[in-house]
Amino acid sequence: MYSLHEGSGLFLLAVLAGLQIAAEGRGTPPCRPGFSEDVYKVVVPDITEKGQPLFNVRFFDCGRGGVVRFECSNPSDFRIEADGVVYAARSIQHSTLPALPLLIKASDTATQQQWVTQVRLTPSTHSSQQVEEVAVPPVMSKDLQEIVFPSRNTDSTLKRMKRDWVIPPINVPENSRGPFPQELVRIRSDHDKNRSLRYSVTGPGADQPPTGIFIIDPISGELSVNKPLDREHIPSFHLRAHAVDLNGNQVENPIDIVINVIDMNDNRPEFTHQIWNGTVPEGSKPGTFVMTVTSVDKDDPKTANGMLRYKILSQNPESPTSNMFTINNKTGGIITVAAGLDREKVPQYTLIIQATDMEGNPMYGLSNTATAVIRVTDINDNPPEFTAETFFGEVPENRVNVIVANLTVTDKDQPNTPAWNAVYKITGGDPTGRFSVPTDPTTNEGLVTVVKPIDYEISRTYVLTVEARNEVPLARGIHSPRQSTATVSIRVIDVNESPYFEPNPKLIKLEEGMMPESTLTTFTAQDPDRYLMQAIRYSKLSDPANWLRIDPMTGRIKTIAILDRESPYVKDSLYNATFLASDNGIPPASGTGTLQIYLLDINDNAPKVYPQEAEICEKPEPNAINITALDGDLNPNAGPFAFELAHRPSDVRRNWTITRISGDYAQVSLKIGFLESGIYEIPIIITDSGNLPMSNTSYLRIKVCQCDINGDCTDQQHIMAAGLGTGAIIAILLCIIILLILVLLFVVWMKRRDKERQAKQLLIDPEDDVRDNILKYDEEGGGEEDQDYDLSQLQQPDTIEPDAIKPVGIRRLDERPLHPEPQYPMRSAAPHPGDIGDFINEGLKAADNDPTAPPYDSLLVFDYEGSGSTAGSLSSLNSSSSGGDQDYDYLNDWGPRFRKLADMYGGSDD
């Protein structure tokens, strides 16, 4: 028996050979339009995929040029194109091949002429029998299928070209165990009878990556597979076969060879997730969708190897039944199949799902499992129920925002969900709305809270009816039981309440000026604890002006001072006083009340002039002073006012005049042409308009001054006008004196400092020259080199002032003479004493090179060394032998330090 792909190849070979023999034996009859064969015999694979080419029918139109249209008798299974190639219209297995021959009809669209041919389809399992019915070239092997290159005859239209035939694909099963190489097919050309040919294949799998999968014997043309194939890696290979002679010349046109890798069931189904999570509401009806599980199989999904089937292996727990769910064996959709899902009993189900390929065949199929976890979600199917029928609580009266009782409920639904959270409502026993029941978000308890004050004297107990519900309504068909309603009994505790004044504040109206010990009113308080019969005592809590007194027993209020509406403690004619009422309860309680006294005005204040000071020029034009009056009373006890100048002193009316402008204003001006500068006090009599008018003489202080063209004062009395008092002037003078003292002290200190600085100068009186004295140094001290002298004074004698030069009679012997001396070249000033050696060397070099140097033997005078020294001149140095003429005995008087020198120089010869 041949394999599947071998059957397809043998059929093609038989068809090609038969057509070739038939064409060669007929000679050259005249051309007739029609199919090349009346009956085609085609071998098809056992499994044909949709769109796979099967065979080709050839139609000759003999050059008529018309359009030929092909039709198939079984269009549901086969499809024919305009080029005559027949394709599978669906996946076909050998068991579903039609028993009747397939009819192919060709119609000329111009002449409506029709031609019909038959195609007999034979499965590849019967290909050996089919091969025996056709002529086979004697060179073919009995064991290997051959593919012959189509001939390329072109001498006439009677020779039909076979290169358009579609070669059926070669099917090779995957995962073959060998042995390898395994022969697949032999490729042969008819030209190998008269010359030697060489065969080769190209394409992916041969000479292109992945290389080495397929090899061909170049002499025999046997095509072999060299290793196992994997359809999941490469499902098909497209190769091209070539035939050339020994010189490399192409003998045949290349032919395409398709090698399909036949799928084997070598892959298990794989779930995309190992654990699947789904939810379903409790109480769901049968048929409720839950979730879908999916699995994939790498095998060919068009074959049974990749066709999966699902089923539920187990359910845990098996409550209330073992089959609460079912699964669609093709899609993997899980639905409920039984009623009775109750989250409070079974909150979660675990299902083991199995997926099997080979369409679920347990014997041949491969399977795999996954876990489906189905969580039963909560619905509000359990109403809240109180833990007791009656709850008790108590609360003191007049307390608000106090929790009286905690109402506890139970709910079987899932905690902290809207189906579990309780909402409380008072349905009876609280007509005035003095209580509320909010929910504790943590414990779900109802907190009975007082929101309005409760009076023990009005009601001593309250009995509330409270109903508990959830945030969401109950599920359909569920009703609230009796346990969802409870009774709350609240007892009110009596406490000692504070007395209260009524009304509070209390307003009374009185005229000001009421005399002391006058009774104003009685201000009493009420005790809310009317059943206790407690005594109340009164006291004064606030009386800013200290005008009032209250009787502690009766609450009668009297005055202890005159009431004055113009007092600073009175605001807008209203005076406030606060009183305290205390009972004798345990503990005592007290309350306050405010008495407001509205004081009616009386004419008890005389008017005063305003302003009290003013300025006016010496000459009246155009100066005048506008004045008014201030009266602490209210209308009609105030303005309009009457203004009048006093009769005394007599010069007031002679120098001044007053003119009424309006009821509240008047104008004061000079009556004479000129008034000397100064300050004048003008008495003015002002009378108000009270029922009993009050008059008052006020003094207007007027400053008369010289004025500029703008009417402003220009004299030197502005300090007084500016309001500087005596204290301010004294303070300014003290500041000036202190400043002068500080300046004087600073000048004295600067002079003293300059004097001390001059005393430290190096050039002092010659008699005090430090170089002419023996200085006392420390035991380890040095000489003058260690002293901080200003050597520049010694180095620059020309800088000494001329008046500082002493007379000739007292000049030192070694002092530089004043007569003109030869001018030596300028030498640089001496450097720092640390470089004195370099300085002397530079001076010696300058002297040696100076042609004007004195001819006598002497040391050059380098710089001035001071005056007044008792030592002789150093201009001429004697030899050491001349020291004997000196008297060194005076060295003994200088102390033990110089005694050694006295012995050395002043001693005897021995």
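As the structure is a computational prediction, the values presented were derived from the model and not from experiment. (Residues numbered from 1 in each chain as written. Predicted model: local features only at pLDDT ≥ 70, side-chain atom pairs only at ≥ 80, totals over all residues. Heavy atoms only, no water.)

1. Section: the sheet that holds strand β37 (residues 485–493)
Either a parallel or an antiparallel arrangement is found when strands of a sheet pair, and the pairing is made through backbone hydrogen bonds.
Working step 1: Spatially, β30-β37-β36-β33 is the arrangement adopted by the 4 strands of the open sheet, whose pairing is mixed. The sheet is open, and its two borders are formed by β30 (390–396) and β33 (422–428), each paired with just one other strand. Looking at each pair of strands side by side, their axes are set apart by 30 degrees on average, direction ignored.
Working step 2: Here strand β36 (residues 461–470) pairs with β37 via 7 bridges, running antiparallel. Across the sheet, V463 pairs through a bridge with S489, a residue of β37. (Pairing = 2+ DSSP bridges. Helix = DSSP H or I, 4+ residues; strand = E, 2+ residues; numbered from the N terminus. Axes fitted to C-alpha atoms, helices over the stretch in contact; angles between N-to-C directions.)

2. So, the state of the cysteines
Working step 1: This structure, assessed with the given rule, holds 1 disulfide.
Working step 2: Note that C617 is cross-linked by a disulfide to C707, the S-S spacing being 1.8 Å. Here C617 and C707 share a disulfide; its torsion about the S-S bond, -105 degrees, makes the bridge left-handed. Taken together, the positions of C617 in strand β48 (residues 613–617) and C707 in the loop between β54 (695–705) and α4 (718–722) put the pair 90 residues apart, joining distant regions of the chain.
Working step 3: A relative accessible area of 7% means that C617 is categorised as buried.
Working step 4: Given a relative accessible area of 26%, C707 falls into the partly exposed group. (Disulfide = S-S within 2.5 Å. Buried < 20%, exposed > 50% of the residue type's maximum accessible area, 1.4 Å probe, protein only.)

3. Quick notes on the environment of D430
Working step 1: By secondary structure assignment, the location of D430 is in the loop between β33 and β34 (435–436).
Working step 2: Taking the C-alpha atoms as reference points, D430 and L464, separated by 34 residues in sequence, lie 6.4 Å from one another.
Working step 3: Residues in contact with D430, not counting those within four places in the same chain, are F435 and L464.
Working step 4: Reaching out from D430, the side chain makes a polar contact with the backbone nitrogen of R434 at a distance of 2.9 Å. (Contact = heavy atoms within 4.5 Å. Polar contact = N/O pair within 3.5 Å; in protein donor to acceptor, adjacent residues only side chain to side chain.)

4. Side note on the pattern of salt bridges
Working step 1: Summed over the entire model, instances satisfying the criterion amount to 22 salt bridges.
Working step 2: Because the salt bridges share partners, they merge into one network encompassing R69, E71 and K105. (Salt bridge = Lys/Arg side-chain N within 4 Å of Asp/Glu carboxyl O.)

5. Quick look at the nonpolar core
Working step 1: Of all hydrophobic cores here, the largest spans 28 residues; its most connected members are I187, F214, L223, L229, F237 and I259.
Working step 2: Listing elements by their share of this core, those giving two or more residues are β13 (170–173), β14 (182–188), β15 (197–202), β16 (214–216), β17 (222–225), β18 (236–245) and β19 (255–262).
Working step 3: F391, V409, Y462 and A468 belong to the second largest nonpolar core, which has 24 residues in total. (Core = buried A, V, L, I, M, F, W, Y, C linked by side-chain atoms within 4.5 Å.)

6. Observations concerning a nonpolar patch on the surface
Working step 1: Taken together, the side chains of I730, L734, I737, I738, I741, L742 and L745 present a nonpolar region at the surface, about 680 Å² in accessible area.
Working step 2: Assignment of secondary structure puts I741 in helix α5 (residues 726–759).
Working step 3: The exposure class assigned to I741 is partly exposed, which follows from its relative accessible area of 47%. (Patch = residues over 30% accessible without salt bridge, like charges linked within 9 Å, V, L, I, M, F, W, Y side chains within 5 Å. Areas by Shrake-Rupley, 256 points an atom, 1.4 Å probe, with all protein chains shown as cover.)

7. Thoughts on the confidence of the model for the protein chain
Working step 1: Here the protein chain averages 79 in pLDDT, and 78% of its residues register 70 or above.
Working step 2: With pLDDT under 50 throughout, residues 716–721 is counted as low confidence; its partners more than four residues away or in other chains account for 7 contacts.
Working step 3: Low pLDDT, under 50, characterises residues 795–816; the stretch is placed with 36 contacts to residues that sit more than four places away or in other chains. (pLDDT = per-residue confidence, 0-100.)

8. Structural notes on the environment of A642
Working step 1: Its location among the elements puts A642 in strand β50 (residues 642–645).
Working step 2: C-alpha of A642 to C-alpha of R660: the two residues are 18 residues apart in sequence and 8.0 Å apart in space.
Working step 3: Residue contacts for A642: discarding those within four places in its chain leaves R660, I685, I686 and T687.

9. Things to note about the side chain of D583
Working step 1: Following the sequence through the fold, D583 ends up in strand β45 (residues 574–583).
Working step 2: For the buried D583, no salt bridge exists, and the shortest N-O distance to an oppositely charged side chain is 11 Å, to R537.
Working step 3: Polar side-chain contacts of D583 include one of 3.2 Å to the side chain of Q534.
Working step 4: At a separation of 3.4 Å, a polar atom in the side chain of D583 contacts the main-chain amide nitrogen of G585.
Working step 5: Discounting residues that sit within four places of it in the chain, D583 has contacts with N496, E497, P499, D527, Q534, A535, I536, P588 and A589. (Lys, Arg positive; Asp, Glu negative; His and termini not counted.)

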